[in-house]
2 protein chains.
Amino acid sequence: MAKVGVILSGCGVYDGSEIHEAVIILLALDRAGATAVCMAPDMEQGVVNHLTGEPVEGAARNVLEESARIARGNISDIAKIKVDDIDALILPGGFGAAKNLCDFAFKGTDCDVHPEVARLVREVVAAKKPLAAVCIAPALISKVLGDDKLAHRLTIGTDEETAQAVTSMGSTHVACPVREFVVDQENKLITSPAYMLAGSISEAADGIEKTVRALLEMI
Amino acid sequence: MAKVGVILSGCGVYDGSEIHEAVIILLALDRAGATAVCMAPDMEQGVVNHLTGEPVEGAARNVLEESARIARGNISDIAKIKVDDIDALILPGGFGAAKNLCDFAFKGTDCDVHPEVARLVREVVAAKKPLAAVCIAPALISKVLGDDKLAHRLTIGTDEETAQAVTSMGSTHVACPVREFVVDQENKLITSPAYMLAGSISEAADGIEKTVRALLEMI
């Protein structure tokens, strides 16, 4: 039974993991007979009111505790996860991937990646285990692999500004429609646009389900 | 295009809507070509740390704002939703259905149902529009229909204590395995155990997907 790490970044599209993407990943893994190993960094995050879309000034939550909502409590601090604990790794999107797992949403191409997230991504790539990222999460992968001068291909959909940013960080960007995915066979890297482009949950689900299938086939 | 009301109760199994159940409902509706009309009461809720399972003393969040995380901001105060706005209604579970939409988790069979939730459930039943509830949410339906002395059949799975409680409130309880659902044809009421019994997300999804299909066929 394959064990697939899932890096969560909170709970909610504007300040955490995109909930639909995360749940669709968990369901696709379970239906394929794989075990999800949910994890998140133990750190503070800002809070956005999802009714208004406005930041809540002065409010803070804990990324691991909020991610535990999606994982129904079955989650670990990413600092405790070793590459040997998993056969593959996947990152859902949501602003948490660009605000908590890294700060791409604030600093763009000058962003820093959370050290434990960068560590596990590097270890997975070095171990030749497959890695997937959807929505905005490929920007984080771009930063880590770009800093390592590792040539790779990925997609963040069709948004030109974001495509330009990942190109600057060292990726070869491949435009991709919402229900599809991009495979970098050499690096075992799979990416899909999901809510970077999706106008509906089923559009996101189609691309994510294909991504999970491709990820598991690469193990 | 059918419009299906989805009553959310927060965001997280221990103090809000069960996230997996809610997302599986939204995906099943969208894939069937139906439009989800998400709603929640505008009220305070308690907070449970989902990492430890312990209540967070003194903490409070707003049910409508937290539910907006699942709905990606596309949600209304239930007080503003009229029965004419929807063709059918569905309630995911999670403790929010038993702590926020009603207080069954605290008071058992003596529980009170949030007045706007009770109002919409009554209007949907009176209009002969189909109504579905999964996990613990059928306990709320039991209270509303039981108080109205309306004979009806539903399931909360196989838990004997909860089955006894809904029987006391006026339901005929039908035991049901996790991947199945129970139909009360006369009242157009469909229920499924989901995480009352599910040991995995795909078990919950199988029953919920069948429930949504049956709900849409009854419109």
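Model, not experiment: these values are computed from the prediction.

So, how was this worked out
- Residues numbered from 1 in each chain as written.
- Chains lettered and ligands numbered in written order.
- Predicted model: local features only at pLDDT ≥ 70, side-chain atom pairs only at ≥ 80, totals over all residues.
- Heavy atoms only, no water.
- Pairing = 2+ DSSP bridges.
- Helix = DSSP H or I, 4+ residues; strand = E, 2+ residues; numbered from the N terminus.
- Axes fitted to C-alpha atoms, helices over the stretch in contact; angles between N-to-C directions.
- Contact = heavy atoms within 4.5 Å.
- Least-squares fit on C-alpha atoms with pLDDT ≥ 70 in both.
- Salt bridge = Lys/Arg side-chain N within 4 Å of Asp/Glu carboxyl O.
- Buried < 20%, exposed > 50% of the residue type's maximum accessible area, 1.4 Å probe, protein only.
- Buried area = accessible area lost by both parts, 1.4 Å probe.
- Polar contact = N/O pair within 3.5 Å; in protein donor to acceptor, adjacent residues only side chain to side chain.
- Nonpolar A, V, L, I, M, F, W, Y, C, P; charged D, E, K, R; others polar.

Draft legend 1. Examining the sheet that holds strand 1 (residues 3–7) of chain A more closely. All names here are of chain A. Within the open sheet, the 7 strands sit side by side as 5-2-1-6-7-11-10. Their pairing is mixed. A strand with exactly one partner marks an edge of an open sheet, and here the two such strands are strand 5 (75–77) and strand 10 (182–184). Strand after strand, the sheet turns through a mean of 25 degrees between neighbouring axes, direction not considered. Note: strand 7 (residues 131–134) against strand 11 (residues 189–192), 4 bridges, orientation parallel. Its bridge partner being in strand 11, Ala132 is matched across the sheet by Ile190. Set on the sheet, helix 1 (residues 19–31) makes contact with strand 1, strand 2 (35–40), strand 6 (88–91) and strand 7; between it and strand 1 the angle comes to about 175 degrees. The strands touched by helix 6 (residues 137–147) within the sheet are strand 6, strand 7 and strand 11, with strand 7 carrying the most contacts at an inclination of about 130 degrees.

Draft legend 2. Broad picture of the pairing of strand 3 (residues 44–48) of chain A. Residue and element names in this part refer to chain A. Where strand 3 lies against strand 4 (residues 55–62), 4 bridges are found, and the strand directions are antiparallel. If you follow Gly46 over to strand 4, its bridge partner there is Ala60. Turn length for the strand 3-strand 4 hairpin, with the two strands adjacent in sequence and antiparallel, is 6 residues, and the turn residue Gly53 shows positive phi of about 80 degrees.

Draft legend 3. Here's a closer look at the relation of the copies chain A and chain B. Aligned on chain B, chain A shows an RMSD of 0.0 Å; the corresponding rotation is 180 degrees and the shift along the axis is 0.0 Å. Both copies are brought into coincidence by an operation consistent with a two-fold rotation axis. No C-alpha of chain A lies nearer the rotation axis than that of Val23 of chain A, which sits 3.5 Å from it.

Draft legend 4. Main features of the pattern of salt bridges. For the structure shown, the criterion picks out 28 salt bridges over all chains. Glu209 of chain B serves as the salt-bridge partner of Arg31 of chain A, at 2.9 Å between the closest nitrogen and oxygen. One end of the pair, Arg31 of chain A, is in helix 1; the other, Glu209 of chain B, is in helix 8 (residues 201–217), on a second chain. The class for Glu209 of chain B is partly exposed, based on a relative accessible area of 23%. Sharing partners across several salt bridges, the network here consists of Asp15 and Arg61 of chain A together with Glu66 and Arg69 of chain B.

Draft legend 5. Summary view of the side chain of Glu21 of chain A. Secondary-structure assignment places Glu21 of chain A in helix 1. The contact partners of Glu21 of chain A, leaving out residues within four places of it in the chain, are Pro92, Gly93, Gly94, Val134, Cys135, Ala194, Tyr195 and Ile208 of chain A.

Draft legend 6. View of the interface of chain A and chain B. Of the residues lining the interface, 36 residues belong to chain A; the matching set on chain B comes to 36 residues. The largest per-residue losses of area from chain A upon contact with chain B belong to Leu51, Arg69 and Arg72 of chain A, which jointly make up 25% of the total buried on that side. Among the ionic pairs, Arg72 of chain B bridges to Glu18 of chain A, the shortest N-O distance being 2.9 Å. Here chain A and chain B share 22 residue pairs in polar contact (both at pLDDT 80 or more) between them. Counting only elements with at least two residues in the side of chain A that touches chain B, the list comes to helix 1, strand 3, helix 2 (63–70) and helix 8 (201–217) of chain A. At 8 residues, the largest contribution of residues to the side of chain A that touches chain B is made by helix 1 of chain A. Tallied by class, the residues present in the side of chain A that touches chain B amount to 18 nonpolar, 7 polar and 11 charged.

Draft legend 7. Summary view of the sheet that holds strand 11 (residues 189–192) of chain B. Residue and element names in this part refer to chain B. Pairing is mixed across the open sheet formed by 7 strands, whose spatial order is 5-2-1-6-7-11-10. Two strands in the sheet have a free side with no partner beyond their single neighbour: strand 5 (75–77) and strand 10 (182–184). Each adjacent strand pair in this sheet contributes to an overall mean axis angle of 25 degrees, direction not counted. In the packing of helix 1 (residues 19–31) onto the sheet, contacts are made with strand 1 (3–7), strand 2 (35–40), strand 6 (88–91) and strand 7 (131–134), and the angle to strand 1 comes to roughly 175 degrees. Across the sheet, helix 8 touches strand 1, strand 6, strand 7 and strand 11, and the angle it forms with strand 11 is around 175 degrees.

These results come straight from atomic positions and should not be treated as a statement about function.
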